[in-house]
Protein chains: 2
Amino acid sequence: MHDILVLTEAELRKNVKLDLNAVAIVENAFRLLATGQVIMPPILSMEIPQEHGEVDVKTAYIPGLEGFAIKVSPGFFDNPKLGLPSLNGLMILFSARTGLVEALLLDNGYLTDVRTAAAGAVAARYLAPSVVETAGVMGAGVQARLQIEAAYLVRPFRRVLVWSRDQTKAEVCAADITKKTGIPAAPASAETTVRESELVITATPAREPILRTEWLHPRLHITAMGSDQYGKNEIAADAVVKADLYVCDDVSQAERLGELRAARAIGFLRNSTPPTLGEIIAARSGRTSDESITICDLTGTGAQDTAIATHAVKLAKLSGAGTVVRS
Amino acid sequence: MHDILVLTEAELRKNVKLDLNAVAIVENAFRLLATGQVIMPPILSMEIPQEHGEVDVKTAYIPGLEGFAIKVSPGFFDNPKLGLPSLNGLMILFSARTGLVEALLLDNGYLTDVRTAAAGAVAARYLAPSVVETAGVMGAGVQARLQIEAAYLVRPFRRVLVWSRDQTKAEVCAADITKKTGIPAAPASAETTVRESELVITATPAREPILRTEWLHPRLHITAMGSDQYGKNEIAADAVVKADLYVCDDVSQAERLGELRAARAIGFLRNSTPPTLGEIIAARSGRTSDESITICDLTGTGAQDTAIATHAVKLAKLSGAGTVVRS
């Protein structure tokens, strides 16, 4: 018998914010991932074609943290027809010493949203030009909004451009961004979004590239975070080749699930390994010239989940949030 | 926002029993596993050598069931020094239609104990001689007791022999079995246990065979359920070769984690595939002669977890057990 803390989505939203604390927590997870101390097994993935659904399970053990998380993320893509969100899920925090369940984080994907956006901010901190006047986002979903919000924490830009296949969604997303951050945001074509921004975030489920090579320009950083599954691809493969620096969160994931897959297929880095975001952080390197074109390919790691879950439980305990169950 | 049923170990123990219902539920899961409708991805496994720990995650989608379970099983082998059990964990039941979390089963491994023992009963039902006078068990842990209890549901034997490396543990285990079932049970040597039984269950964490080929005799069924990890091995490889029929729960698991690994290494079924327990059930086949020697190699499947979790939630709802959390 031991105590298990149960936290609902509402409690987690109240306690865990997308702020510089969350960014620092995720940055530290990437650093540890690179310095070879993290144990992160391959993602368990189950597709359920009958239900147009899938489930991913991610985990990672980070030495030094008191717990490790296992995250279960179901995506059932017919849910919107039932008035339900496609993405759901929870995280379970275990004691890293005993393996006992410490907390159940019934976040319905909220913590994933936070840690994913925070990773975008980490990428921007190390790779975006030191001054960003305009930030562009491709996509108009939850992550489009959160990625801009997170990037603004590390690069306080003056203008936002939003592209979406659906013009109305781009308008609503731009309005939401302005409302949340106070920055002028407007819909734009894909080409304008890329050409006029120093920081571009791609946050779409595209399976054919939406970002073309000819739009690249000096003084540009792109964070590609939409691709997280085999077959997804947001950035033209030769744009990856053309960039001065390509960085990813995890090489084995990026070459299966991220932009690296399509780029490798046309010969990019066939016999070498790209640097990871964690290595960039650990080496305090990153962008070497303000004129460079850099790309960061984020597929999402179990290390981020363990970091954010540990952070969330710490904050919840401080505020006395949640329900304790004995089992 | 939706309702999630939280069930503690005590509530699960009260509601879910190792009975013929549980055996039927697990039998049905094996049948569906064989008839090609179940989706069961490879186990996610993370070893944490720093803490002498490991975590396994199993899942399976069984069409026709309302839910699918994900089971997380941590094993931290220094826990007994802290007065804690080595094995823990929980199951999460998701709606098979929407992927929403339906229930959290904080069972600390209890449901795994039940579904594992129930699988032993299914194996005995299809493969043990029709009349079993003596059942033998190698091992003196929780599963040694439960496997005998479960097998007794389908083959009401008259005597039990218990072997363990530790004579005292064998005595305590035999006494517990008698207390629970009323059947005379006594410690015996490994050789006697095998030679005098028509049904033998191996339930040890052995890494070197404990059951020797020369002890095999006509009219014998062996269920090997201890091996569930790479490197474990309970039965001499040539005993597997000598048996008239070898059956496993899942071929890809058995050849990595079960007895099939060592047997394949000496040439057993190098170019063919053994039948699975589910195929035996679906074909209503099994033992063809009372004189045969049969072996069933059980490594534990996600299909069993989904079956027992669904069963447990059904029973808990009938009795009104558990706590509802909205998230």
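Residues numbered from 1 in each chain as written. Chains lettered and ligands numbered in written order. Predicted model: local features only at pLDDT ≥ 70, side-chain atom pairs only at ≥ 80, totals over all residues. Heavy atoms only, no water.

*Asks:* Help me out: how do you make sense of the sheet that holds strand S7 (residues 134–138) of chain B in this one?
*Replies:* Either a parallel or an antiparallel arrangement is found when strands of a sheet pair, and the pairing is made through backbone hydrogen bonds. Residue and element names in this part refer to chain B. The strand order across the open sheet formed by 7 strands is S9-S8-S7-S10-S11-S13-S12, and the pairing between neighbours is parallel. Lying at the two open borders of the sheet, with one neighbouring strand each, are strand S9 (185–187) and strand S12 (245–248). Each strand axis lies, on average, 15 degrees off the axis of its neighbour in the sheet, ignoring direction. Strand direction decides the pairing type here: strand S8 (residues 159–163) and S9, joined by 3 bridges, are parallel. Within the sheet, the bridge partner assigned to Val-162 lies in S9 and is Pro-187. Here helix H3 (residues 110–127) sits on the sheet in contact with strand S10 (199–202), strand S11 (220–224), S12 and strand S13 (293–297), set at roughly 160 degrees to S11. (Pairing = 2+ DSSP bridges. Helix = DSSP H or I, 4+ residues; strand = E, 2+ residues; numbered from the N terminus. Axes fitted to C-alpha atoms, helices over the stretch in contact; angles between N-to-C directions. Contact = heavy atoms within 4.5 Å.)

*Asks:* Before we go on, may I ask you to explain the interface of chain A and chain B in this structure?
*Replies:* As a measure of interface size, the accessible area lost when the parts come together is often cited. Taken together, the contacts link 49 residues of chain A with 49 residues of chain B. Summed over both partners, the interface of chain A with chain B comes to about 3,700 Å²; 75% of that surface belongs to carbon and sulfur atoms. Looking at the side of chain A facing chain B, the largest losses of area belong to A:Leu44, A:Met46 and A:Ser327, adding up to 15% of the total buried there. Across the contact surface, chain A and chain B share 0 salt bridges. The interface formed by chain A and chain B includes 7 residue pairs in polar contact (both at pLDDT 80 or more). A per-class count over the side of chain A that touches chain B returns 31 nonpolar, 13 polar and 5 charged. (Buried area = accessible area lost by both parts, 1.4 Å probe. Salt bridge = Lys/Arg side-chain N within 4 Å of Asp/Glu carboxyl O. Polar contact = N/O pair within 3.5 Å; in protein donor to acceptor, adjacent residues only side chain to side chain. Nonpolar A, V, L, I, M, F, W, Y, C, P; charged D, E, K, R; others polar.)

*Asks:* When you look at the relation of the copies chain A and chain B in this model, what are you seeing that I'm missing?
*Replies:* Two chain copies here: they are related by a rotation about an axis and a translation along the same axis. Between chain A and chain B, which share one sequence, the superposing operator has a rotation angle of 180 degrees and an axial displacement of 0.0 Å; the RMSD is 0.1 Å. Taken together, the rotation angle and the small translation identify this as a two-fold axis. Ranked by how close their C-alpha atoms come to the rotation axis, the residues of chain A are headed by A:Leu44, at 2.9 Å. Most of the interface of chain A is mirrored in chain B, where 100% of its interface residues are also at the interface. (Least-squares fit on C-alpha atoms with pLDDT ≥ 70 in both.)

*Asks:* Even after reading the chapter, I still don't get the confidence of the model for chain A, so can you show me in this structure?
*Replies:* Close reading of the predicted structure is inappropriate where its pLDDT is low. Per-residue pLDDT for chain A averages 96, and the proportion of residues at 70 or more is 100%. Interface predicted TM-score (ipTM) for the complex: 0.89; the corresponding pTM is 0.91. (pLDDT = per-residue confidence, 0-100.)

*Asks:* What is the right way to look at the sheet that holds strand S4 (residues 67–76) of chain B in this model?
*Replies:* Residue and element names in this part refer to chain B. Overall, mixed pairing links the 7 strands, which are arranged S2-S3-S4-S5-S6-S1-S14 in an open sheet. Looking at strand neighbours, the two that pair on one side only are strand S2 (44–48) and strand S14 (323–326), the edges of this open sheet. Here the average twist between neighbouring strands, direction ignored, is 15 degrees. Judged from the 5 bridges that link them, S2 and strand S3 (residues 53–60) form a sheet pairing that is antiparallel. Across the sheet, the residue bridging to Met-46 is Val-55, located in S3. Against the sheet, helix H11 (residues 302–319) contacts strand S1 (3–8), S3, S4, strand S5 (90–95) and strand S6 (101–106), and its axis sits at roughly 110 degrees relative to S4.

*Asks:* Please clarify how the packing of aromatic side chains should be interpreted in this entry.
*Replies:* The description of two aromatic rings rests on the distance between their centres and on the angle between their planes. One pass over the structure, following the stated rule, counts 8 aromatic pairs over all chains. Arranged with centres 6.3 Å apart and planes meeting at 10 degrees, the rings of A:Phe76 and B:Phe68 form a pair that is stacked. Of this pair, A:Phe76 sits in strand S4 (residues 67–76) while B:Phe68 sits in strand S4, on two different chains. Per residue, the accessibility class of A:Phe76 equals that of B:Phe68, and both read buried. Taken together, the aromatic side chains of A:Phe68, A:Phe94 and B:Phe76 make up a single cluster linked through ring pairs. (Phe/Tyr/Trp six-rings, centres within 6.5 Å; stacked < 30°, edge-to-face > 60°. Buried < 20%, exposed > 50% of the residue type's maximum accessible area, 1.4 Å probe, protein only.)

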